[in-house]
Amino acid sequence: MVRVVNVLIALATIISFAVLGSLLLSVAQLKVSVGDVTVEAVDATVKVQIPATVVNGGYYSVSDVNLETTVKDQAGALLAKGSTGPVTIPAYASRELTHVLILDVKSLKEEELKRLLFNDQTLQVEAKASAELRPFIAVSATALTPFEWGAPMKDFKVGKATFKPYNKTHDLVSIPVSFRNNSPYVSVEAEVEAGLLDLQGRLKGVGTLTIKARPKAAFNGTLNLLLKLSEGELEELLFKDFQLNYKLLLKILHRGVEAYSLSEPISYPWQAPLANLQVGAAQLSPYNATHLAFRVPVSFENHSPLIDLATELKAIIYNATSGLPQGAGLLPMNAPRRTSFQGFLEGYVLVPREALTSLLFKDRELNYRVNLEGEYEGVPIKLSLTVKRDWGAPVKDLKLGKPEAKPYNATHFKLLIPMNFTNNSDFLNLEAKLTADFYDLDGKIIGVGIPQTITVPAKTSYQGLLQGLISLKALGRQYVAKLTFETAYGKALKEVVLVA
Amino acid sequence: MLKTLRVATAIVIAAIHFVAFYYVPVNLASLVARVAPPQVAEAVSWLTPQIIPRTLPLIGLIVTVLTPAVILLKNTKAYGPLTTLTGLAFTAYVYTALQGGFITITVPKIPPIGLEATITMAATALMYLFLLPPTLTIVKGILITVEAVSRVKALKGSLKPSTTPANTKANSYSNRLIRNES
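Here the structure is a predicted model, which means the values were calculated and not measured.

Cut-offs used in this document
- Residues numbered from 1 in each chain as written.
- Chains lettered and ligands numbered in written order.
- Predicted model: local features only at pLDDT ≥ 70, side-chain atom pairs only at ≥ 80, totals over all residues.
- Helix = DSSP H or I, 4+ residues; strand = E, 2+ residues; numbered from the N terminus.
- Buried ≥ 20, exposed ≤ 12 C-beta atoms within 10 Å, placed from the backbone.
- Contact = placed C-beta atoms within 7 Å.
- pLDDT = per-residue confidence, 0-100.
- Pairing = 2+ DSSP bridges.
- Nonpolar A, V, L, I, M, F, W, Y, C, P; charged D, E, K, R; others polar.

## Concerning the overall build of chain B
Within chain B, the secondary structure is distributed over six helices and two strands. A burial count over chain B gives 21% of its 182 residues as buried. Counting only contacts in chain B whose residues sit at least 6 apart along the sequence, the fraction spanning at least 24 positions is 69%.

## Some words on the confidence of the model for chain B
All names here are of chain B. With 86% of its residues at a pLDDT of at least 70, chain B reaches an overall mean of 85. Helix α4 (residues 79-97) holds the highest mean pLDDT among the elements of chain B, 94, whereas helix α6 (residues 165-181) holds the lowest, 54. Under the prediction, the complex receives an ipTM of 0.82, its pTM being 0.60.

## Observations concerning the pairing of strand β23 (residues 364-376) of chain A
Successive side chains on a regular strand alternate, one facing one side of the sheet and the next facing the other. Residue and element names in this part refer to chain A. Two strands pair when backbone bridges link them, and strand β20 (residues 309-319) and β23 are joined in this way by six bridges, in the antiparallel orientation. Looking at the pairing, N319 lines up with Y368 of β23. If you look at the hairpin formed by β23 and strand β24 (residues 379-391), you'll find two residues sitting between the two strands, and E377 has a positive phi there, around 50 degrees.

## Topic: the pairing of strand β13 (residues 203-213) of chain A
Residues and elements named next belong to chain A. Note: strand β12 (residues 188-197) against β13, 10 bridges, orientation antiparallel. Bridge pairing in β13 links E193 to T208. When β13 meets strand β14 (residues 218-228), the two strands line up antiparallel, connected through four bridges. If you follow G207 over to β14, its bridge partner there is L225. Here β13 folds back onto β14, and the loop between the two strands holds four residues, one of which, K216, carries a positive phi near 65 degrees.

## Thoughts on the interface of chain B and chain A
Counting residues at the interface gives 23 residues for chain B, matched by 23 residues for chain A. Broken down by secondary-structure element, the contributors of at least two residues to the side of chain B that touches chain A are β2 (115-122) and α5 (124-158) of chain B. Broken down by element, the side of chain B that touches chain A gets its largest block of residues, 12 residues, from α5(B). Grouping the amino acids of the side of chain B that touches chain A by side-chain chemistry returns 17 nonpolar, four polar and two charged.

## Some details on unusual backbone geometry
Residue and element names in this part refer to chain A. Note that the residue after G85, namely P86, is joined by a cis bond; omega there is 5 degrees. Structurally, the position occupied by P86 is in strand β5 (residues 78-89). Cis geometry marks the peptide bond from R134 to P135; its omega dihedral reads 0 degrees. Note that P135 resides in the loop between β7 (121-133) and β8 (137-149). Positive phi values are uncommon outside glycine, yet D64 reaches one of about 55 degrees. Along the chain, D64 turns up in strand β4 (residues 62-72).

## Observations concerning the environment of D64(A)
All names here are of chain A. We classify D64 as partly exposed; it has 14 C-beta atoms within 10 Å. D64 sits 70 residues away from R134 along the chain, and the two C-alpha atoms are 9.5 Å apart. Residue contacts for D64: discarding those within four places in its chain leaves P86, S130, A131 and E132.

See below:
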């Protein structure tokens with residue numbers, strides 16, 4: 001019996017060591033080679049594929065091969081997961097395996113995605129692997145390794161916005177955007193859709209920006225948005241300095257799918273290119289028989305740090321009372337950024353013939369409305385100015401003195417009537433042909449004046465004699481002298497009652 | 001001559017067992033360090049305490065003592081019990097060496113990558129296979145002991161006191177045999 005046991009012991013020992021030997025040899029002939037890791041992005045998922053070839057040259061089939069990997073961020077949130085298996089690799093066989101690790105951006109919470117995009121951090125990669133050399137050994141391993149994650153959009157900065165007029169309805173808002181792709185593995189290629197909201201949350205402007213950054217490269221770009229403006233807002237922007245406050249909404253799209261969104265307050269101290277617009281008193285001067293030259297000093301300050309204003313505004317000059325057009329002009333403007341401008345609106349206005357009589361003899365105030373229109377780089381500039389001008393009458397305070405009658409012939413006396421007036425105009429020299437007709441109170445002509453030409457410089461007084469021949473019948477009676485001043489601009493009439 | 005051969009065998013076996021079951025487990029790290037590259041030596045230095053339990057060398061020492069004793073005390077009363085004890089010692093050695101069938105190795109943090117790993121090997125089937133020879137040795141020891149005891153009992157039963165010359169002669173032979181056995 002003992003001998004039988006001895007034989008069994010010997011057999012068991014031989015078998016045990018044979019099994020151990022075969023196991024060790026099998027393990028020694030098990031080879032795993034890992035191929036090139038590829039990173040593929042499809043929609044909002046990132047696939048990390050790790051190909052591997054397992055060559056089982058041993059005597060046992062390697063069964064239940066499982067590999068599970070998880071990637072967690074610094075806060076312990078699960079970012080990516082992948083699993084392979086169970087796979088059986090028969091003895092003397094090889095097998096190609098691909099371990100796929102999937103990062104689904106959509107499944108991440110906002111905070112997790114924010115950390116991943118913008119913060120460098122240490123990720124924890126956990127791998128759980130198991131395999132069996134049946135029926136003797138089952139091996140399972142858990143490996144935990146830190147993985148230094150470089151944020152693909154590290155130091156993402158939305159810089160200071162600048163606002164610039166763009167066209168008739170829009171402002172161009174330029175916002176510098178910069179970041180650094182700190183990742184050594186991931187290339188950043190995305191679209192940024194931007195919206196500009198006013199303080200009431202209304203969408204006022206949109207823009208897009210394509211961002212591309214190779215691994216370990218910096219990105220600097222400018223996000224341009226077109227900000228829709230109402231006419232009133234545009235006018236305000238031209239003339240007033242004020243603080244512009246908006247909310248910038250950025251959506252980072254990866255292959256058309258929103259990956260992340262963020263909002264930033266945008267504040268910009270707008271400095272008007274036509275601030276403190278001042279319009280001086282209009283200067284008038286004779287031009288021709290129909291027009292007066294019109295010159296108005298205009299000044300403003302170009303507060304803008306961006307706009308070099310160089311344009312020409314066309315003016316249409318209206319009678320402020322009647323609303324009828326009276327003339328036209330030009331205002332050339334050249335105001336580089338942060339400079340003051342002083343210039344003149346120059347043009348010509350019609351001499352108002354219909355009011356010539358009134359204008360010739362009475363001081364008054366001329367009121368004009370000047371509408372200026374032009375554009376600067378496609379942006380319309382519209383101004384409406386009120387221009388006032390004190391008009392001094394060229395024949396002010398016309399007075400005829402006591403007539404002196406001298407016999408002239410059998411039917412007529414010669415009249416000598418002292419006449420004085422002041423040319424109150426500050427620019428107009430009076431040059432007129434003065435004629436007179438004398439009528440009795442019934443309207444019958446009783447005499448004529450001797451035409452004379454008078455010249456009275458501006459701001460001077462005139463004293464002279466109006467001479468005429470009057471019928472003897474009119475002597476001692478009241479009569480009316482109808483004086484006609486015929487100027488280059490037209491005729492003006494003045495009636496004076498006299499006693500001869 | 002036979003005794004001399006047995007003593008020599010016992011010494012050789014003792015030496016082999018001492019080296020295999022005591023010296024190597026105790027000095028594994030330093031032995032590897034002599035022949036292997038530094039990285040391997042370092043790995044073995046942290047691996048050794050995990051794959052060689054503290055009690056293993058002690059059990060190995062017991063095995064080293066018991067195996068030559070079995071050889072030296074063959075055909076004596078102690079042979080069976082010593083064989084059983086040796087089987088038990090080997091059983092304990094295998095069980096301890098394979099840590100009950102579940103060997104867990106914790107890889108300390110490896111700079112610079114900072115990898116930490118835990119490897120668990122379930123080798124119960126292998127352990128049972130390796131437990132088979134010592135278990136059979138225990139059985140063998142028990143069988144030897146039982147056989148020896150039953151033989152002695154049988155001899156004692158057949159040699160009751162007798163006045164006949166033949167019985168007297170048989171008794172004296174039996175007593176001599178028992179002495180030799182012991």
